[in-house]
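Given next are the chains, with one letter for each unit.
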Amino acid sequence: MKSSNFFSYKLNRRILLSFLLIIVIPGLVSFWVTSFVVQKTLQKEIESRLIEAASVYFEELDTIEQKCIDIVSVYSGKVSIVEQILNRQYSNLEKEMIDFYKMNLVDIIEIEDHEGKVLFRGHNPDLAGDIKSDQKIIIG
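All residue numbers refer to position in the chain's written sequence, counted from 1. Local features in a predicted model are, by the rule used here, given only for residues with pLDDT of at least 70; side-chain atom pairs are given and counted only at 80 or more, and totals for whole chains, interfaces and linings are based on all residues. Excluding hydrogens and water, the side-chain figures rest on all heavy atoms present in the structure.

Trainee: I'd like a rundown of the packing of helix α2 (residues 79-86) against helix α3 (residues 90-101), residues and numbers included.
Mentor: Geometry is summarised by axes, namely lines fitted to C-alpha atoms with helices restricted to the contacting stretch, and by angles between N-to-C directions that run from 0 to 180 degrees. Runs of H or I in DSSP of at least four residues are treated as helices and runs of E of at least two as strands, each being numbered from the N terminus. Remark: α2 packs on α3, axes separated minimally by 8 Å, with the N-to-C direction vectors making an angle of 145°. Between α2 and α3 lies a crossing of left-handed hand. The segment α2 lies against α3, with S80, I81, Q84 and I85 engaging Y90, N92, L93, E96 and M97. The class makeup of the residues in the contact of α2 with α3 is five nonpolar, three polar and one charged. Each crossing gets its handedness from the near helix: less than a right angle anticlockwise from the far helix is left-handed, clockwise is right-handed. Any pair of residues with heavy atoms lying within 4.5 Å of one another is described as a contacting pair. All amino acids are sorted into three groups, where Ala, Val, Leu, Ile, Met, Phe, Trp, Tyr, Cys and Pro are nonpolar, Asp, Glu, Lys and Arg are charged, and the leftover types, Gly among them, are polar.

This is the structure we're talking about:
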């Protein structure tokens, strides 16, 4: 008996080629589709998270801005603070600001004149966890 080689028959080669094409072509198409879908999904997810993070950040800025506006409107209407600034009685102003800091509303406060010159600057390191815990209130 003669042993026959599998590739010696044309039909066997066609069957093998067909089998490879049936596996390889759908496999490549499937791999491409899957990688495309994963890429687009990741891109959309990253974009969505960035947009969400940015909107939360800007909402926080709006909240802080509104809080600052409210504080300014309350304290600028206090006659004692306005008089202390006009009369340069910074020691009394410092006492008032220390009481203000104890409310833990802000970390830094600055009082400026209408030209932008800093008249008074205060810092509350406990609120922000700043390591400058022994920083004094600066009067300028």
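Trainee: Could you give me a rundown of the pattern of salt bridges, with the residues and numbers involved?
Mentor: Any Lys or Arg side-chain nitrogen found within 4 Å of a carboxyl oxygen on Asp or Glu counts as a salt bridge. According to the stated counting rule, one finds one salt bridge in the structure shown. The residue E45 makes a salt bridge to R49 at a minimum N-O spacing of 2.8 Å. Here E45 pairs with R49, and both are found in helix α1 (residues 10-76), just four residues apart, close to one helical turn.

Trainee: Can you tell me about the confidence of the model for the protein, naming the residues and giving the values?
Mentor: Every residue gets a pLDDT, meaning the predictor's confidence in that residue, from 0 to 100. Per-chain confidence: the protein averages 78 in pLDDT, with 79% of residues scoring 70 or above. The weakest mean pLDDT in the protein belongs to strand β3 (residues 138-139) at 50; the strongest belongs to α1 at 89.

Trainee: Describe the packing of aromatic side chains, listing the residues and the values that go with them.
Mentor: To pair, rings of Phe, Tyr and Trp, with the six-membered ring standing in for Trp, must have centres within 6.5 Å; the planes then decide the type, stacked if under 30 degrees apart, edge-to-face if over 60, and tilted in the middle. Considering all chains together, one arrives at two aromatic pairs under this definition. Measuring from centroid to centroid gives 5.5 Å for Y57 and F58, while their planes differ by 70°, and the two rings are edge-to-face. When sorted by exposure, Y57 lands in the same class as F58, which is exposed. When a residue's accessible area, from a 1.4 Å probe over protein chains only, is under 20% of the maximum for its type it is buried; when over 50% it is exposed; and in between it is partly exposed.

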